[in-house]
Amino acid sequence: MSRLDSAIRRLQAQKLSLEWAVSATENRSGNAIELGLGNGRTFDHLRSLMPDRPFYVFDRQIAAHPDCIPARDRIFLGDFRETLVQARERLGPTVLLAHLDIGTGEKQASIALAAEIAPLVDALLADGAVVVSDQPVDLPRWQAAALPEGISPGRIHLYRIAPV
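Procedures and definitions
Residues numbered from 1 in each chain as written. Predicted model: local features only at pLDDT ≥ 70, side-chain atom pairs only at ≥ 80, totals over all residues. Heavy atoms only, no water. Helix = DSSP H or I, 4+ residues; strand = E, 2+ residues; numbered from the N terminus. Rg over C-alpha atoms; globule rule 2.2 N^0.38 Å. Buried < 20%, exposed > 50% of the residue type's maximum accessible area, 1.4 Å probe, protein only. Contact = heavy atoms within 4.5 Å. Areas by Shrake-Rupley, 256 points an atom, 1.4 Å probe, with all protein chains shown as cover. Lys, Arg positive; Asp, Glu negative; His and termini not counted. Charge placed at Lys NZ, Arg CZ, Asp CG, Glu CD. Pairing = 2+ DSSP bridges. Right-handed = clockwise from strand over helix to strand, strands pointing away. Phe/Tyr/Trp six-rings, centres within 6.5 Å; stacked < 30°, edge-to-face > 60°. Salt bridge = Lys/Arg side-chain N within 4 Å of Asp/Glu carboxyl O. Core = buried A, V, L, I, M, F, W, Y, C linked by side-chain atoms within 4.5 Å.

Draft legend 1. Structural context of the overall build of the protein chain. Counting its regular elements, the protein chain contains four helices and seven strands. Its C-alpha atoms give the protein chain a radius of gyration of 15 Å, near enough to 15 Å, the size a compact globule of 164 residues would have. A principal-axis box enclosing the C-alpha atoms of the protein chain has dimensions of 45 × 35 × 30 Å. Counting over 164 residues, the protein chain shows a buried share of 47%. Across the protein chain, contacts joining residues at least 24 apart in sequence account for 63% of those joining residues at least 6 apart. Roughly 8,600 Å² of accessible area belongs to the protein chain as shown, and the carbon and sulfur atoms make up 51% of that amount. Here the protein chain contributes 18 positively and 20 negatively charged side chains, and the mean placements of these two sets differ by 1 Å.

Draft legend 2. Spotlight on the pairing of strand E5 (residues 125–133). The buried fraction of E5 is high, at seven of nine residues. Relative to E5, strand E4 (residues 95–100) runs parallel, the two sharing five bridges. Among the inter-strand pairings, Val 95 is bridged to a residue of E5, identified as Leu 125. In terms of handedness, the path from E4 via helix H4 (residues 107–122) over to E5 forms a crossover that is right-handed. Pairing geometry for E5 and strand E7 (residues 157–161), over four bridges, is antiparallel. Within E7, the residue paired with Val 131 across the bridge is Tyr 159.

Draft legend 3. Structural context of the environment of Ala 146. Its place among the elements puts Ala 146 in the loop between strand E6 (142–144) and E7. Ala 146 sits eleven residues away from His 157 along the chain, and the two C-alpha atoms are 8.9 Å apart.

Draft legend 4. Spotlight on the packing of aromatic side chains. Enumeration over the complete set of coordinates arrives at four aromatic pairs. Ring centres of Tyr 56 and Phe 76 lie 6.2 Å apart, and the angle between their planes is 50°; on these two criteria the pair is classed as tilted. In this pair, Tyr 56 is assigned in strand E2 (residues 55–59) and Phe 76 in strand E3 (residues 75–77), connecting sequence segments 20 residues apart. Both residues of the pair, Tyr 56 and Phe 76, count as buried.

Draft legend 5. Here's a closer look at the pattern of salt bridges. By the definition in use, this model includes seven salt bridges. Connected through salt bridges with shared partners, the residues Arg 60, Asp 79, Arg 81 and Glu 116 form a single ionic network.

Draft legend 6. Expanded view of the nonpolar core. Residues Leu 35, Phe 58, Leu 125 and Trp 142 are the most contacted members of the largest nonpolar core, which totals 27 residues. Of all elements in the fold, only strand E1 (31–35), E2, helix H3 (80–91), E4, H4, E5 and E7 reach the threshold of two or more residues within this core. Broken down by element, the residue count for this core peaks at five residues, all from H4. Apart from residues lying up to four places away in sequence, Trp 142 is in contact with Leu 100, Ala 118, Val 121, Asp 122, Leu 125, Val 131, Val 137, Tyr 159, Arg 160 and Ile 161.

If you want it as structure tokens, here you go:
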């Protein structure tokens, strides 16, 4: 598969998965978070699908298109290991939808980062929340959800968060 074909499949999987997550949480109130704002494409797509849901983003630095940057009070800027702790103090376990797009470009480093920060993300998640992640996560409350039709296993990971 060419790199272009792979990128197209990744974006299609991301779009379908994010739309699944919005649908799965649409009748409940709570916050949404995105780890890895990047250039802002998925943030922009998600906020168009849920304009009334409070939405917070996390990144080391802001490099998004100017139209895809949230208000300053909705940004946690810095290392995930620090900003997720700050978010827990500020938001509590109120997150219903989490998008983790934390791939570093180096597979083993990305998996290690996901394993390290997943417990910090878990502390923000309400019972019944959903998570869309570019990396696999293995935590007791995180139950794998079926992928939407057309997404190859391993391309993206979906989770439902079970009650404690």
